[in-house]
Amino acid sequence: AILRVRTGAGDASPPPQFIALRGEVQAPKVAPEFSMHRLAGTYYELALHDYTQFPTCPKPSCIRSVKRLVPGVVSPSGGAQIVDSFTLSCFGRPSRVQYFFNETAHPGALLGFVRDPPLWWKGLGFASVYNDTIVDFGPVHSATGQYEWVIEFQCRGKPGKGVTFTGINFYSRV
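Residues numbered from 1 in each chain as written. Predicted model: local features only at pLDDT ≥ 70, side-chain atom pairs only at ≥ 80, totals over all residues. Heavy atoms only, no water.

Engineer: What is the right way to look at the nonpolar core in this model?
Structural biologist: The nonpolar side chains of a soluble globular protein tend to be buried, and buried together. In this structure, Phe34, Leu39 and Ile134 are the most contacted members of the largest nonpolar core, which totals 24 residues. At 4 residues, the largest contribution of residues to this core is made by strand S5 (residues 81-90). Here phenylalanine 34 is in contact with Lys29, Leu39, Pro107, Gly108, Leu110, Ile134, Phe137 and Tyr147, once residues within four sequence places are set aside. (Core = buried A, V, L, I, M, F, W, Y, C linked by side-chain atoms within 4.5 Å. Buried < 20%, exposed > 50% of the residue type's maximum accessible area, 1.4 Å probe, protein only. Helix = DSSP H or I, 4+ residues; strand = E, 2+ residues; numbered from the N terminus. Contact = heavy atoms within 4.5 Å.)

Engineer: Please explain the pairing of strand S6 (residues 93-103) as it appears in this structure.
Structural biologist: The side chains of a regular strand alternate between both faces of the sheet. Of the pairings in the sheet, the one linking S5 to S6 comprises 10 bridges and is antiparallel in character. Residue serine 89 lies in a different strand from S6, and its bridge partner there is proline 94. Two successive antiparallel strands, S5 and S6, enclose a turn made up of 2 residues, where phenylalanine 91 displays a positive phi of approximately 55°. As paired strands, S6 and strand S7 (residues 109-114) are joined by 5 bridges and run antiparallel to one another. Residue tyrosine 99 lies in a different strand from S7, and its bridge partner there is valine 114. (Pairing = 2+ DSSP bridges.)

Structure representation (structure tokens):
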């Protein structure tokens, strides 16, 4: 199988119903080397497979992700939290939403959520809580301390329906 899913029972954080098996999608270096502090920074999305973006917007452009650590906030697993101020232009109009990512007990496995999803998000039935797995990351930029690039994978499912959402996003610092 290219991708298998399992229920999240037994994880340290309360994940959505289905998650990708981290070992099957993460590069070997992610678990021992991933750092939420190095994930913080400004990224531009160069490639995606994510229906919250397309075909929801037929021609998304100017996709930017500004990830910053939330000071003083500790995730349920005792780790850090990142707020992602995400912007996507659709038909020339910028759409902004804030995503939050809690660090879990598993390096590179984040629990993503939206606090106040936009009306179109709710109307299309998108979940407000989902798993976000760091698949791989590039070297650390010497001046900024952030990763040069990051590949993320999101997965969500429902009992009896299997996988209902997958998202793959490739972000670059430049």
